[in-house]
Amino acid sequence: MSSSSVITPEDVLESLMNDGTIDALRLKIINQLKANEELKSTTIKMAEESKVLNTPGAEKQTKRELFDALRQELEGPVLEKASKSVWELILEKDGLGKEINETVERVFYRLSGREPPLFSSSNVENQMVVEKETETKETSSSNTEAKKRSLSEVNHSEVTVRKKKQGDSSNDHVTP
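Treat the numbers as computed from the prediction; the structure is a model and nothing was measured.

> Is there a simple way to explain the overall build of the protein chain in this structure?
Along the protein chain, the regular secondary structure elements total seven helices and zero strands. Along the protein chain, from the amino end to the carboxyl end, the secondary structure elements read α-α-α-α-α-α-α. Put simply, 53% of the contacts in the protein chain that link residues at least 6 apart link residues at least 24 apart. Of the roughly 13,800 Å² that the protein chain leaves accessible, carbon and sulfur atoms contribute 56%.

> So what exactly am I meant to see when it comes to the side chain of Ser85 here?
With respect to the secondary-structure elements, Ser85 resides in helix H4 (residues 63–91). When neighbours within four sequence positions are excluded, Ser85 is seen to be in contact with Leu33, Asn36 and Leu39.

> Help me out: how do you make sense of the packing of helix H1 (residues 9–18) against helix H5 (residues 95–112) in this one?
When two helices pack together, their arrangement is given by the angle between the helix axes and by the axis-to-axis distance. Put simply, H1 and H5 touch, their axes get as near as 10 Å, and they point 105 degrees apart. By the criterion of interaxial angle, the relationship of H1 to H5 is roughly perpendicular. Here Asp11, Val12, Ser15 and Leu16 of H1 come into contact with H5, specifically with Thr103, Val104, Val107, Phe108, Arg110 and Leu111. Residue classes in the contact of H1 with H5 are distributed as six nonpolar, two polar and two charged.

> Would you mind going over the nonpolar core with me for this structure?
Residues Leu25, Ile29, Leu33, Leu39, Ala82, Val86, Leu89, Leu96 and Ile100 constitute the largest nonpolar core, which totals nine residues. Filtering out sequence-adjacent residues up to four positions away, Leu25 remains in contact with Leu96, Glu99 and Ile100. Formed by seven residues, the second largest nonpolar core is a distinct cluster that contains Met46, Leu70, Leu74 and Val78.

> Help me understand the environment of Leu33, please; the structure alone is not making it clear to me.
For Leu33, the position within the fold is in helix H2 (residues 21–34). It is 7.4 Å that separates the C-alpha atoms of Leu33 and Val86, two residues lying 53 residues apart in sequence. The contacts of Leu33, once residues within four sequence positions are left out, are Leu39, Ala82, Ser85 and Val86.

> Please clarify how the environment of Leu53 should be interpreted in this entry.
Tracing the backbone through its elements, the reader meets Leu53 in the loop between helix H3 (37–48) and H4. A residue is classified by how much of its surface remains accessible, and Leu53, at 38% relative accessible area, is partly exposed. Leu53 sits 17 residues away from Leu70 along the chain, and the two C-alpha atoms are 7.8 Å apart. Each residue touching Leu53, except ones within four places of it in the same chain, is listed here: Ala47, Ala58, Leu66 and Leu70.

> Is there a simple way to explain H5 in this structure?
An α-helix turns once every 3.6 residues. As a result, residues three or four positions apart point the same way. Compared with the 26 Å implied by 1.5 Å per residue over 18 residues, the 26 Å span of H5 between its first and last C-alpha is a close match. Those residues of H5 lying buried are Leu96, Gly97, Ile100, Thr103, Glu105, Val107, Tyr109, Leu111 and Ser112.

> Looking at this structure, I do not really get the pattern of salt bridges. What am I missing?
Pairing between side chains of opposite charge can happen when their charged atoms approach one another. Under the counting rule described, the total for this entry stands at six salt bridges. For Glu75, the salt bridge goes to Arg71, with nearest N and O atoms at 3.4 Å. Placement of the pair is Glu75 and Arg71 together in helix H4, with a separation of four residues, close to one helical turn. Residue Glu75 is classed as partly exposed on the basis of its relative accessible area of 36%. Residue classification places Arg71 among the partly exposed residues on the basis of a relative accessible area of 47%. In this structure, Glu80 and Lys84 form a salt bridge, with 3.7 Å as the shortest nitrogen-oxygen distance. Here Glu80 and its partner Lys84 are both found in helix H4, four residues apart, which amounts to about one turn of the helix. Look at Glu80 and you get partly exposed, because its relative accessible area is 48%.

Thresholds, definitions, all that
- Residues numbered from 1 in each chain as written.
- Predicted model: local features only at pLDDT ≥ 70, side-chain atom pairs only at ≥ 80, totals over all residues.
- Heavy atoms only, no water.
- Helix = DSSP H or I, 4+ residues; strand = E, 2+ residues; numbered from the N terminus.
- Contact = heavy atoms within 4.5 Å.
- Areas by Shrake-Rupley, 256 points an atom, 1.4 Å probe, with all protein chains shown as cover.
- Axes fitted to C-alpha atoms, helices over the stretch in contact; angles between N-to-C directions.
- Parallel < 35°, antiparallel > 145°, perpendicular 65-115°, else oblique.
- Nonpolar A, V, L, I, M, F, W, Y, C, P; charged D, E, K, R; others polar.
- Core = buried A, V, L, I, M, F, W, Y, C linked by side-chain atoms within 4.5 Å.
- Buried < 20%, exposed > 50% of the residue type's maximum accessible area, 1.4 Å probe, protein only.
- Expected span 1.5 Å × (residues − 1).
- Salt bridge = Lys/Arg side-chain N within 4 Å of Asp/Glu carboxyl O.

Now the structure itself:
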């Protein structure tokens, strides 16, 4: 694509789908969902408290009947919780959310033929945090340093040093 054509979200998505990036991101999301202990425990608790399993005579049903009934009862609520977890992963400022954002930006710039900015939107936020931390450290360390000298004090000391270097020690005190 030339740099004069407009890059649409569909163009970026098509590129991500064609190069396998979407599949890789999907796999990462699935693996993080599988590792989500809170989601696991919530699902187990929902199954343990299900009406299907706690109904008298449930033990007489076949596994298939129980599974179908459990699925009908819990599929909606479990998928809703899983969906919320996926959106949290996608929208997080760090981790997978950041990776998705940076990947989309990189593909957009590649398709448009433009160079990415030195600082992407996520990098700008990170840079601002680093600068703020540095500023805070500098402020706290300057509190322990010697008092800053005024311009007249600096000029006075420079004149005194110059005079001493020239050998004029008779006039150590020079007023600015």
